[in-house]
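Summary of the model geometry
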Amino acid sequence: SCREIMMGEARGDVTIGVTVNSVYEHTVKRGKSIGQVMAFITGDDGTSELNNIVAFCDQYRMFGHLLLQGNSVIISGKVQNKDGERSFIVDNVLQV
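Basis of the calculations
Residues numbered from 1 in each chain as written. Predicted model: local features only at pLDDT ≥ 70, side-chain atom pairs only at ≥ 80, totals over all residues. Heavy atoms only, no water. Pairing = 2+ DSSP bridges. Helix = DSSP H or I, 4+ residues; strand = E, 2+ residues; numbered from the N terminus. Buried < 20%, exposed > 50% of the residue type's maximum accessible area, 1.4 Å probe, protein only. Axes fitted to C-alpha atoms, helices over the stretch in contact; angles between N-to-C directions.

Looking now at the pairing of strand β1 (residues 12-27). With eight bridges connecting them, β1 and strand β4 (residues 72-82) associate as antiparallel partners. Pairing of Gly17 across the sheet is with Ile74, part of β4. Bridge analysis of β1 against strand β2 (residues 37-44) gives eight bridges, and the strand direction is antiparallel. Across the sheet, Glu25 pairs through a bridge with Ala39, a residue of β2.

So, on to the environment of Met7. Relative to the elements of secondary structure, Met7 occurs in helix α1 (residues 2-7). Since its relative accessible area comes to 54%, Met7 is described here as exposed. Residues Met7 and Arg86 lie 79 residues apart in sequence; the distance between their C-alpha atoms is 9.1 Å.

What the five strands build is a closed barrel, ordered β1-β2-β3-β5-β4; its pairing is mixed. Adjacent strand axes in the sheet meet at a mean angle of 55 degrees when their direction is disregarded. As paired elements, β4 and strand β5 (residues 85-95) share ten bridges and run antiparallel to each other. Across the sheet, residue Lys78 finds its bridge partner in β5, namely Ile89.

Here's what the structure looks like:
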């Protein structure tokens, strides 16, 4: 659940069902993906709001049409802890 991810109880590969609350698109300015678009997503599953869902360029290109405000989706990905910050990195998205 979103709450388990936020509390640090979920690790590794995780699948959650969320309603997308917001999507912030970001154009990459450096590195191998320069000029491509990635997204930072906020979603809610009823247990908590998760505001650190990250869809890197390849996944956002494949699944961006599903990651729309108000849409309910199932997201599979990995929980990542970096510098004390928890993120949920998108691998796959399915329409509910």
